[in-house]
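What the coordinates show
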Amino acid sequence: MPAPQGLTVEGPTSGDAAALPASAARRVALDECLASLLRPTSFEAERYRVLRHAVETMRRDAHLHVVAVTSPGTADGKTTTAINLAGALAQAPGARVLLADVDFRRPALTRQLGLEDRRPGVLDVLLQPEFTVADSVRRLAQFNLSVLPAGVGAVAPYEALKLPRFEELVEEARQRYDYVVLDTPPFVPVPDGRLIAGCVDGFLVVVAAHRTPRKELAEALGLMDPAKVVGLVFNGDDAPIPPYYSRYADPRRRDRSWWRYRRGFYERRTQREESPSTWSRT
Ligand SMILES: Nc1ncnc2c1ncn2[C@@H]1O[C@H](COP(=O)(O)OP(=O)(O)OP(=O)(O)O)[C@@H](O)[C@H]1O
Ligand SMILES: [Mg+2]
């Protein structure tokens, strides 16, 4: 496996955004699962490009600007999917893409991106008027990507998401960026997703191969507004790379870093009582 690569970050480096030099830059290391950022020509990155295409199409046809990545339970691959999707979207020349962490319970964007500081971030913007989205984002210039960490704040996640400022924050992000990708908590065990639903245009629901129980997926979909479920992302499939592609792919890599995307699953399921086991490869 290749060693994680470093990236240069520009933006706040401490809790006091006002006192920070805008050009503060540091070298940090990335999680190896971030194929869109680390191995943009790999098979895995191409699969995330398929997801990017779906999101771009929905932006054009259905005004999908703000998309939240969720899953029924924990550790299904939400954060990994959110980062790879945002990284793939940001590869379009001129695209303005914001990746924001609204999982205040297990904030992971900074960890997976190798960023040192969680502050300032969403919670700081929500709780302290002196913080804005504009001066809290980290700019990953080499990926053309803007990142807003979860931040820090002494408030329960549910109460934070209920603040009117949360809706304003999402609106501010919507105005400033072409795509806003939100990394969110699991939908079933905690109520956060129900509040986030009011501010976003759609949810991508990550389903972990060999891991997410069907019952839990059904429960999650039952809790969500069907109109907001814009697709399912099947993460961690261990199917082999198709022979057609193998000559392009690095033969040393056989990890699970790719996924399948299924659109309109929910509608078809309700119409035909289709079960998740009938998914087909896209
Ligand atoms: N497709 C994949 N291939 C290999 N490893 C993966 C893949 N997807 C996720 N992982 C790994 O699985 C772990 C959990 O992934 P991730 O943090 O993205 O899940 P999550 O749903 O965001 O978890 P949480 O519920 O804690 O927020 C991480 O260590 C991540 O690197
Ligand atoms: Mg996560």
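Residues numbered from 1 in each chain as written. Chains lettered and ligands numbered in written order. Predicted model: local features only at pLDDT ≥ 70, side-chain atom pairs only at ≥ 80, totals over all residues.

Looking at the overall build of the protein
Counting its regular elements, the protein contains eleven helices and ten strands. Evaluated residue by residue, the protein yields a buried proportion of 45% over its 282 residues. (Helix = DSSP H or I, 4+ residues; strand = E, 2+ residues; numbered from the N terminus. Buried ≥ 20, exposed ≤ 12 C-beta atoms within 10 Å, placed from the backbone.)

Topic: unusual backbone geometry
The residue after arginine 119, namely proline 120, is reached through a cis peptide bond having omega -15°. The topology assignment puts proline 120 in the loop between helix H4 (109-113) and helix H5 (122-127). Not every positive phi belongs to a glycine, and histidine 63 is a case in point at roughly 55°. Relative to the assigned elements, histidine 63 resides in the loop between helix H2 (43-62) and strand E3 (66-70). Given 10 C-beta atoms within a 10 Å radius, histidine 63 is considered exposed.

Details of the site of ligand 1
If you check the shell around ligand 1, you find 19 residues, and the closest are Thr74, Gly77, Lys78, Thr79 and Thr80. Sort the elements by how many residues they give to the shell around ligand 1 and helix H3 (residues 78-89) lands first, with three residues. (Near = placed C-beta within 6 Å.)

Some thoughts on H2
End to end, H2 covers 28 Å across 20 residues, agreeing with the expected 28 Å (1.5 Å per residue, within 8%). Listing the buried residues of H2 in full gives Glu44, Ala45, Arg47, Tyr48, Leu51, Arg52, Ala54 and Val55. On an axial view of H2, the arc spanned by its buried residues comes to 165°, and they lie on one face. Facing away from the buried side of H2 by over 90 degrees, the exposed positions are Thr57, Arg60 and Asp61. Just downstream of H2, histidine 63 is the residue with a positive phi angle, here 55°. (Expected span 1.5 Å × (residues − 1). Arc of directions from axis to C-beta.)

Structural notes on the pairing of strand E7 (residues 179-183)
Extensive coverage of E7 is indicated by the burial of five of its five residues. For E3 and E7, the ladder comprises four bridges, and the chain directions are parallel. Pairing of alanine 68 across the sheet is with leucine 182, part of E7. Bridge analysis of strand E4 (residues 97-101) against E7 gives five bridges, and the strand direction is parallel. By the bridge assignment for E7, alanine 100 is matched with leucine 182. (Pairing = 2+ DSSP bridges.)

Some remarks on the nonpolar core
Core analysis: the largest hydrophobic core is formed by 74 residues, its most contacted members being Leu85, Ala86, Leu99, Val181 and Leu182. Contacts of leucine 85, omitting those with residues within four sequence positions, involve Tyr48, Leu51, Arg52, Val55, Val69 and Val181. (Core = buried A, V, L, I, M, F, W, Y, C linked by C-beta atoms within 7 Å. Contact = placed C-beta atoms within 7 Å.)

Quick look at the pairing of strand E6 (residues 145-148)
Neither face of E6 is left uncovered, since the one carrying Leu145 and Val147 and the one carrying Ser146 and Leu148 both have all their residues buried. Taken together, the four bridges between E4 and E6 define a ladder with parallel strand orientation. Paired with leucine 99 across the two strands is valine 147, which belongs to E6. Relative to E6, strand E5 (residues 138-140) is paired through three bridges, and the arrangement is antiparallel. If you follow arginine 138 over to E6, its bridge partner there is valine 147. Hairpin connection between E5 and E6: a loop of four residues separates the two successive antiparallel strands, and asparagine 144 in this loop has a positive phi of roughly 55°.

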